[in-house]
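Residues per chain are reported as follows:
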Amino acid sequence: MENLTSKQKGILFIILSAFFFALMNALVRLSGDLPSTQKSFFRNAVAMIFAAAALIRQRPEISLDRQDLKGLILRSAFGTIGVLCNYYAIDHLALSDASMLNKMSPFFAIIFSIFILKERATKFQWGAIITAFIGCLFIIKPNPAQMSFFPACIGLAGGISAGAAYTYVRWLGKRGVPGKLIVFFFSAFSCVCVLPYLIFNYHPMTAMQLIYLLLAGLAAAGGQFAITAAYSYAPAAEISIYDYSNVLFAAILGFFLFGQIPDGLSIIGYAIVCAAAIAVFIYNTRSKPSEVK
């Protein structure tokens, strides 16, 4: 690691994060026929414990005002909706399809940034958003008669919610709220939200199902910390495109674990969305000088 540049370390960590999140999705699917709320609780409970341990160890100075608290609640609410929608999509779609719909979040983050961060989207960015949405339609296949139509719409809703959540993460980061606190607050908030449903509608689990969910939580925690490390080494404009390796990992895991092969329309959709993401990446790299040497 000592011989790598900051950018190379950032790329390494964001690819590692993409793998962890793809593994998390596969483990969630392996846990079987359980409610998304139950899967979400165990996933976030493990992440909450890891984030709490990190906060206790580092003891960062925390000073929150009412606006910070409002931002944490909104980030956590959108994040919880995003996770629940994503898990529903994972259970009803090919892993690669569910992952790509979730990866629409950066494009929706551009839209939410207009309202939350008061940023302006350029004509190029609007073009990329429209292009990505066209690619998304190839994955959703908008035909209500299709068995995959409803879960694909839920998966897209998860991507939209994740886009809002990530925008609030940026908003909180600009206000100096520690990243580990954001992860802890979100994980705790999500657990509290789904706890009533878990208590009154708990589905008994086998030991293997519990192990899969706990491992999914570990993978999620690994993904969270890896992506945090990635963006501490290099700016998003230089490395964010490598996060789309998540779809490749998801396709590989989906094939070997579940025998899933994306259909032709989905593959076309992947190509269009990835092309839009690459175009935005090149645009950002050229318009913003490197922040990390």
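### A few points about the pattern of salt bridges
For step 1, the next point in the chain: In this structure the tally under the stated criterion is seven salt bridges.
For step 2, the next point in the chain: A salt bridge links aspartate 91 to lysine 39; the shortest N-O distance between them is 2.8 Å. With aspartate 91 in helix H3 (residues 66-92) and lysine 39 in helix H2 (residues 36-58), this residue pair connects regions lying 52 residues apart in the sequence.
For step 3, the next point in the chain: Overall, aspartate 91 belongs to the partly exposed group, its relative accessible area being 21%.
For step 4, the next point in the chain: Classification of lysine 39 by relative accessible area gives buried; the value is 0%.
For step 5, the next point in the chain: For aspartate 68, the salt bridge goes to arginine 175, with nearest N and O atoms at 2.5 Å. Residue aspartate 68 is found in helix H3, and its partner arginine 175 is found in the loop between helix H7 (149-174) and helix H8 (179-200); the two are separated by 107 residues along the sequence.
For step 6, the next point in the chain: Through salt bridges with shared partners, a single ionic network connects Asp65, Asp68 and Arg175.

### Some remarks on the packing of helix H5 (residues 105-116) against H7
Each pair of packed helices can be described by the angle between their axes along with the distance between the axes.
For step 1, the next point in the chain: Where H5 meets H7, the closest approach of the two axes is 7 Å, and the angle between their N-to-C directions is 50°. Between H5 and H7, the interaxial angle falls into the category oblique. Here H5 runs over H7; the crossing is right-handed. Where H5 approaches H7, its residues Ser105, Phe108, Ala109, Phe112, Ser113 and Ile116 are matched on the opposing element by Leu156, Gly159, Ile160, Ala162, Gly163, Ala164, Tyr166, Thr167, Tyr168, Arg170 and Trp171.
For step 2, the next point in the chain: When the residues that make up the contact of H5 with H7 are grouped by side-chain class, the tally is eleven nonpolar, five polar and one charged.

### Looking at helix H4 (residues 95-102)
For step 1, the next point in the chain: Here H4 lies mainly inside the structure; eight of its eight residues are buried.
For step 2, the next point in the chain: All of the buried residues along H4 are Leu95, Ser96, Asp97, Ala98, Ser99, Met100, Leu101 and Asn102.

### So, H2
For step 1, the next point in the chain: Taking 1.5 Å as the rise per residue, H2 with 23 residues should run 33 Å; its terminal C-alpha atoms sit 33 Å apart, in good agreement.
For step 2, the next point in the chain: At the exit of H2 stands arginine 59, carrying a positive phi of roughly 45°.

Reading guide: rules and limits
Residues numbered from 1 in each chain as written. Predicted model: local features only at pLDDT ≥ 70, side-chain atom pairs only at ≥ 80, totals over all residues. Heavy atoms only, no water. Salt bridge = Lys/Arg side-chain N within 4 Å of Asp/Glu carboxyl O. Helix = DSSP H or I, 4+ residues; strand = E, 2+ residues; numbered from the N terminus. Buried < 20%, exposed > 50% of the residue type's maximum accessible area, 1.4 Å probe, protein only. Axes fitted to C-alpha atoms, helices over the stretch in contact; angles between N-to-C directions. Parallel < 35°, antiparallel > 145°, perpendicular 65-115°, else oblique. Left-handed = near helix turned anticlockwise from the far one by under 90°. Contact = heavy atoms within 4.5 Å. Nonpolar A, V, L, I, M, F, W, Y, C, P; charged D, E, K, R; others polar. Expected span 1.5 Å × (residues − 1).

Any functional reading would require information beyond the geometric quantities listed.
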